[in-house]
Amino acid sequence: MAMRLQLVDGFELLEEWAESASQAERNVMYEALFAIGDGSAFLIYDIFGDPRDRGNFVVAVKPGLVLKVLLRRMDSSFAIRYVGAPEAGRSDGDVTPVHEGPGSPEGG
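As the structure is a computational prediction, the values presented were derived from the model and not from experiment. (Residues numbered from 1 in each chain as written. Predicted model: local features only at pLDDT ≥ 70, side-chain atom pairs only at ≥ 80, totals over all residues. Heavy atoms only, no water.)

Some words on the pattern of salt bridges
Piece 1. Across all of its chains, the model carries three salt bridges by this definition.
Piece 2. Close ionic contact of D9 with R81 constitutes a salt bridge, the shortest N to O distance being 3.4 Å. A residue pair is termed long-range when its members are at least 10 positions apart, and D9 in strand β1 (residues 6-9) and R81 in strand β5 (residues 77-84) qualify at 72 residues.
Piece 3. R81 sits in the buried class, given a relative accessible area of 3%.
Piece 4. The shortest N-O distance in the salt bridge between D50 and K68 comes to 2.8 Å. Taken together, the residues span a long stretch of sequence, with D50 in the loop between β2 (46-49) and β3 (56-62) and K68 in strand β4 (residues 65-72) at a distance of 18 residues. In this pair, the class of D50 matches that of K68, namely buried.
Piece 5. One salt-bridge network, in which partners are shared between bridges, spans D50, R52 and K68. (Salt bridge = Lys/Arg side-chain N within 4 Å of Asp/Glu carboxyl O. Helix = DSSP H or I, 4+ residues; strand = E, 2+ residues; numbered from the N terminus. Buried < 20%, exposed > 50% of the residue type's maximum accessible area, 1.4 Å probe, protein only.)

And the structure:
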């Protein structure tokens, strides 16, 4: 059974990114956010754990577009930590935050 998650933080990052994104990019990002919320994202997208910060996951939304989220299982919620392009030239899938939220307060 999939866990349903509620988006509770990171709205400002999403809004800031959306100002310069195309309508097509916004559409696929919103689809990814809904998939995270309804628990189907792990079936649809390539998702990678962040080795530097437990609880954070990077979702490959489409080529050249990633979403980094913090999952908070204790309250069935998630928070947006980064929205945008992965860093060019990195082979480990890491992202260089252009728009990144604060660290991962595991519960706050």
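Some points on the environment of D38
Piece 1. Relative to the elements of secondary structure, D38 occurs in helix α2 (residues 23-38).
Piece 2. D38 sits in the partly exposed class, given a relative accessible area of 32%.

Here we look at α2
Piece 1. With 16 residues, α2 extends 23 Å from end C-alpha to end C-alpha; this agrees with the ideal 22 Å at 1.5 Å per step.
Piece 2. Along α2, the residues that are buried comprise R26, M29, A32, L33, A35, I36 and G37.
Piece 3. Of the residues one or two after α2, G39 is the one with positive phi, at around 90°. (Expected span 1.5 Å × (residues − 1).)

Some points on the pairing of β2
Piece 1. Judged from the four bridges that link them, β2 and β3 form a sheet pairing that is antiparallel. Bridging from a neighbouring strand, F48 pairs with V58 of β3.
Piece 2. Following β2, the chain reverses through six residues before pairing antiparallel with β3; G55 in that reversal takes a positive phi of roughly 100°. (Pairing = 2+ DSSP bridges.)

Some points on the packing of helix α1 (residues 11-20) against α2
Helix-helix packing is characterised by the crossing angle of the two axes and by the distance between the axes.
Piece 1. The geometry of α1 relative to α2 is characterised by a closest axis approach of 10 Å and an angle of 155° between their N-to-C directions. In terms of axis orientation, α1 runs roughly antiparallel to α2. Side by side, α1 and α2 meet where L14, W17 and A18 of the first sit next to E25, R26, M29, Y30 and L33 of the second.
Piece 2. A class-by-class count of the residues in the contact of α1 with α2 yields six nonpolar, no polar and two charged. (Axes fitted to C-alpha atoms, helices over the stretch in contact; angles between N-to-C directions. Parallel < 35°, antiparallel > 145°, perpendicular 65-115°, else oblique. Contact = heavy atoms within 4.5 Å. Nonpolar A, V, L, I, M, F, W, Y, C, P; charged D, E, K, R; others polar.)

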